[in-house]
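Inside the fold
Here is what each chain is made of, one letter per residue.
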Amino acid sequence: KQGLISPMDFIPVAEETGLIVPIGEWVLRESCWQAKQWQDQGHAPFILSVNVSAVQFRNDGIVDSIRGVLEETGLDAKYLELELTESIVADDLEGTRKILNDLKALGLSLAIDDFCTGYSSLAYLTQLPFATLQIVQAFVRGKEKHNRDIVRQFFQLSRSLLLNILDEGVWTCFLTPSDAAVAPSRLVVVW
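Model, not experiment: these values are computed from the prediction. (Residues numbered from 1 in each chain as written. Predicted model: local features only at pLDDT ≥ 70, side-chain atom pairs only at ≥ 80, totals over all residues. Heavy atoms only, no water.)

Brief notes about the overall build of the chain
Check the secondary structure of the chain and you find eight helices and six strands. If you list the helices and strands of the chain from N to C, you get α-α-β-α-α-β-α-β-α-β-α-α-β-β. Split into buried and exposed, the 191 residues of the chain put 39% on the buried side. Pairs at least 24 residues apart make up 67% of the contacts formed inside the chain by residues separated by at least 6 positions. (Helix = DSSP H or I, 4+ residues; strand = E, 2+ residues; numbered from the N terminus. Buried < 20%, exposed > 50% of the residue type's maximum accessible area, 1.4 Å probe, protein only. Contact = heavy atoms within 4.5 Å.)

As structure tokens, this is what we get:
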């Protein structure tokens, strides 16, 4: 009746009701299945990045669920990256570390999503097994000098920690050629 509904509208309701768990597993399964189908059709493999909500992450059996999806779809774990928000760490660092290490042991990679949106701690980047740092759009989109400086510092930080960096929502690039010297070894940009 309402037509297309934005994820910004339905995801909070799905999280509140607990429906995000089966929805998230369905999204993961369908995404992995499609990526595997494209590989089987001869397309070059790529890393599939899938968001996991804090509610999904805290659900008992998350590791077994993801393992099952990978086995069911036949997608090699090295082609899957899970994007997790900083909020997953807020309540239980030790519990989070165990789950993240178990997920990493499956062979997939982990990204911290929208870094600097409220729960930021640089300690997360050194204490948890993240491979990718996704910085919040506000720093990338802003054209002010301080935003440019913050993005440069993220580049330097990611390079020193051997992290990939993801700038989500880049519409214009305000970095200069001299910024290439501090850019990470792999910069992923989502349009």
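Topic: the environment of Arg58
Assignment of secondary structure puts Arg58 in helix H3 (residues 54-58). Taking the relative accessible area as the measure of exposure, Arg58 reaches 34% and is therefore partly exposed. Residues Arg58 and Ile88 lie 30 residues apart in sequence; the distance between their C-alpha atoms is 7.9 Å. With residues up to four places along the chain from it excluded, the contact list for Arg58 reads Ile88, Val89, Asp92, Thr96 and Ile99.

Topic: the pairing of strand S1 (residues 48-52)
Of the two faces of S1, the one lined by Leu48, Val50 and Val52 is fully buried and the one lined by Ser49 and Asn51 carries no buried residue. The pairing of S1 with strand S2 (residues 80-85) spans five bridges and is parallel. Across the sheet, the residue bridging to Leu48 is Leu80, located in S2. (Pairing = 2+ DSSP bridges.)

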